[in-house]
Amino acid sequence: MRDIHILDVSLRDGSHSMKHQYSEQQVRDIARGLNQAGVEYFEVAHGDGLGGSSLQYGLSAVDELKLIEAAANECTDSKVAVLLIPGIGIKDDLKNAVNAGAKMARVATHVTEADISAQHIAYSRELGLKTAGFLMMAHMAPTSVIVEQAKLFESYGAEIVYVTDSAGYLLPDQVTERIRALKENIGCEIGFHAHNNMSLAMANSLAAIEAGATYIDGSLRALGAGSGNTQTEVLVAVLQRMGIQTGVDLYNIIDVANDIVAPILPRPQEISGSSLIMGYAGVYSSFLLHTEKASKQFGVDERDILVELGRRKTVGGQEDLIYEVAQSLRK
Ligand SMILES: C[C@H](O)CC(=O)C(=O)O
Ligand SMILES: [Mn+2]
């Protein structure tokens, strides 16, 4: 019996931090650990979702279908989820993911663009996948727009709608307002995905639960874009203390985090000056490593690049603009 469904994103959002270099063995080991610990769902894909491996986003070391298959083969109870941004991933990617063992799909769009997801959501349902709509950069739209967009997802067949704080920008009361409004206006379940750029991932996840969300994302050791996500093993402990059932064994999940994920962390998953500025300025978390690169290339302070990206209201998919902004700041 689970009161809250935890979906671990270490193998998808964590792919951003890993520069998309996960090996098959690493994926297998983490997947086995998540399954043994009793995590209900975990996501496997390129950080930018199915089909994300590209020069724009970063090339994967291993084909994501191989990783999905390797992960699914380790599962006796857990279910593998995939993320797909329509246009970056196509319907065939979903079908191939199902053949590789995926059981759930989260169709992600910018917070004002749910209307591009109709075909993918319908197709995902047709394939028998548990299907969610995932509204990215949720700080960029007022609550009324989020409700409108969530209603679109629901009308296309989504069973869960996620509010996604891609920039780690939202404050707890802003999360409460958004989730509560969804709870009052849509019939499907509600999920929340946090980034820890302002050190608010846990507080925001708890605010989301309090307001009615039943699906919460986490990642082991917080491995994810920017300062990472709500730390899965900590979330399990906190919810256990609150008397909320997640079905996840605390010691087992701590062991996966410490013994399997910690040794492969490419760098400390901390709130650095730059990731903090991402949260502060409302910048897409997966821009962090691209910004670091652009800063070195053009000799410009990472923080200045990020503030300008925030001012321009850039969104995922505009990674090339990071270099353009750095170049213009140098001038
Ligand atoms: C494709 C993005 O990385 C999805 C996500 O995790 C977010 O927006 O946050
Ligand atoms: Mn994310």
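These figures come from a predicted structure and were not determined experimentally.

Draft legend 1. Representation of the sheet that holds strand β6 (residues 160-164) in the model. If you walk around this closed barrel you meet the 8 strands as β1-β2-β3-β4-β5-β6-β7-β8, and the pairing is parallel. With strand direction ignored, the average angle separating the axes of adjacent strands in the sheet is 25 degrees. Here 5 bridges tie strand β3 (residues 79-84) to strand β4 (residues 102-110), and the two strands are oriented parallel to one another. In the strand pairing of β4, Val82 is matched with Ala105.

Draft legend 2. Main features of the packing of helix α3 (residues 64-73) against helix α4 (residues 91-100). Between α3 and α4, the shortest axis-to-axis distance is 8 Å and the interhelical angle comes to 30 degrees. Considering the angle they form, α3 stands roughly parallel to α4. Note on packing geometry: the crossing formed by α3 with α4 is right-handed. On the side of α3, the interface is formed by Leu65, Ile68, Glu69 and Ala72, while α4 contributes Asn96, Ala97 and Ala100. For the contact of α3 with α4, the per-class residue count stands at 5 nonpolar, 1 polar and 1 charged.

Draft legend 3. View of the UniProt feature "domain: Pyruvate carboxyltransferase" (unreviewed entry) in the protein. In this structure's numbering, the residues bearing the UniProt feature "domain: Pyruvate carboxyltransferase" (unreviewed entry) are residues 4-254. Along residues 4-254 the backbone is 41% helical and 17% strand, and the end-to-end C-alpha distance reaches 18 Å.

Draft legend 4. Seen up close, the domain arrangement of the protein. The domain boundaries assigned to the protein delineate domain 1 (5-264) and domain 2 (273-330). Between the C-alpha centres of domain 1 and domain 2 there is a distance of 24 Å. Each side of the interface is counted separately: domain 1 has 21 residues, and domain 2 has 22 residues. Here domain 1 packs against domain 2, burying approximately 1,500 Å² in sum over the two surfaces, 61% of which is carbon and sulfur. The largest per-residue losses of area from domain 1 upon contact with domain 2 belong to Gln56, Tyr57 and Asn197, which jointly make up 30% of the total buried on that side. Across the domain 1-domain 2 interface, the total number found is 0 salt bridges. Linking domain 1 with domain 2 are 7 residue pairs in polar contact (both at pLDDT 80 or more). A per-class count over the side of domain 1 that touches domain 2 returns 8 nonpolar, 11 polar and 2 charged.

Draft legend 5. The UniProt feature "binding site: Mn(2+)" (unreviewed entry) in the protein, seen in detail. Here, the residues flagged by UniProt with the feature "binding site: Mn(2+)" (unreviewed entry) are Asp13, His193 and His195. Across 183 residues of sequence, these annotated residues stay compact in space, with a maximum C-alpha separation of 10.4 Å. Structurally, Asp13 is set in helix α1 (residues 13-17). For Asp13, a relative accessible area of 2% translates into the label buried.

Draft legend 6. The arrangement of the site of ligand 1 in detail. If you check the shell around ligand 1, you find 14 residues, and the closest are Arg12, Asp13, His16, Ser166 and Tyr284. One of the side-chain nitrogen or oxygen atoms of His16 is found 3.0 Å away from an oxygen atom of ligand 1. One nitrogen or oxygen atom from the side chain of Ser166 is found 2.7 Å from an oxygen atom belonging to ligand 1. Where the shell around ligand 1 is concerned, the elements lending two or more residues are α1 and β5 (130-136).

Draft legend 7. Representation of the coordination of the manganese ion (ligand 2). Within the protein, the manganese ion (ligand 2) binds to Asp13 (OD), His193 (NE2) and His195 (NE2); these donor distances fall in the range 2.0 to 2.2 Å. Each donor residue of the manganese ion (ligand 2) lies on the same chain, and together they follow the pattern D-x179-H-x1-H. In this pair, Asp13 sits in helix α1 while His193 sits in strand β7 (residues 189-193), placing the two residues 180 residues apart along the sequence.

Draft legend 8. Expanded view of the pattern of salt bridges. Summed over the entire model, instances satisfying the criterion amount to 14 salt bridges. The partner of Arg32 in a salt bridge is Asp29, with the nearest N and O atoms 3.4 Å apart. With a gap of 3 residues between them, Arg32 and Asp29 both fall in helix α2 (residues 24-37), about one helical turn apart. Accessibility expressed as a relative area gives 23% for Asp29, which makes it partly exposed. The salt bridge partner of Glu43 is Arg106, with a shortest N-O separation of 2.8 Å. Residue Glu43 is found in strand β2 (residues 41-43), and its partner Arg106 is found in strand β4; the two are separated by 63 residues along the sequence. Arg106 carries the same exposure label as Glu43, and that label is buried. One network of salt bridges, with partners in common, ties together Arg12, Asp13, Glu43, Arg106 and Asp217.

About the thresholds
- Residues numbered from 1 in each chain as written.
- Chains lettered and ligands numbered in written order.
- Predicted model: local features only at pLDDT ≥ 70, side-chain atom pairs only at ≥ 80, totals over all residues.
- Heavy atoms only, no water.
- Pairing = 2+ DSSP bridges.
- Helix = DSSP H or I, 4+ residues; strand = E, 2+ residues; numbered from the N terminus.
- Axes fitted to C-alpha atoms, helices over the stretch in contact; angles between N-to-C directions.
- Parallel < 35°, antiparallel > 145°, perpendicular 65-115°, else oblique.
- Left-handed = near helix turned anticlockwise from the far one by under 90°.
- Contact = heavy atoms within 4.5 Å.
- Nonpolar A, V, L, I, M, F, W, Y, C, P; charged D, E, K, R; others polar.
- UniProt positions renumbered as here; feature names shortened; annotations may be inferred.
- Domains from an automatic or database assignment.
- Buried area = accessible area lost by both parts, 1.4 Å probe.
- Salt bridge = Lys/Arg side-chain N within 4 Å of Asp/Glu carboxyl O.
- Polar contact = N/O pair within 3.5 Å; in protein donor to acceptor, adjacent residues only side chain to side chain.
- Buried < 20%, exposed > 50% of the residue type's maximum accessible area, 1.4 Å probe, protein only.
- Near = heavy atom within 4 Å.
- Donors = N, O, S within 2.8 Å, 3.2 Å for Na, K, Ca; no water.

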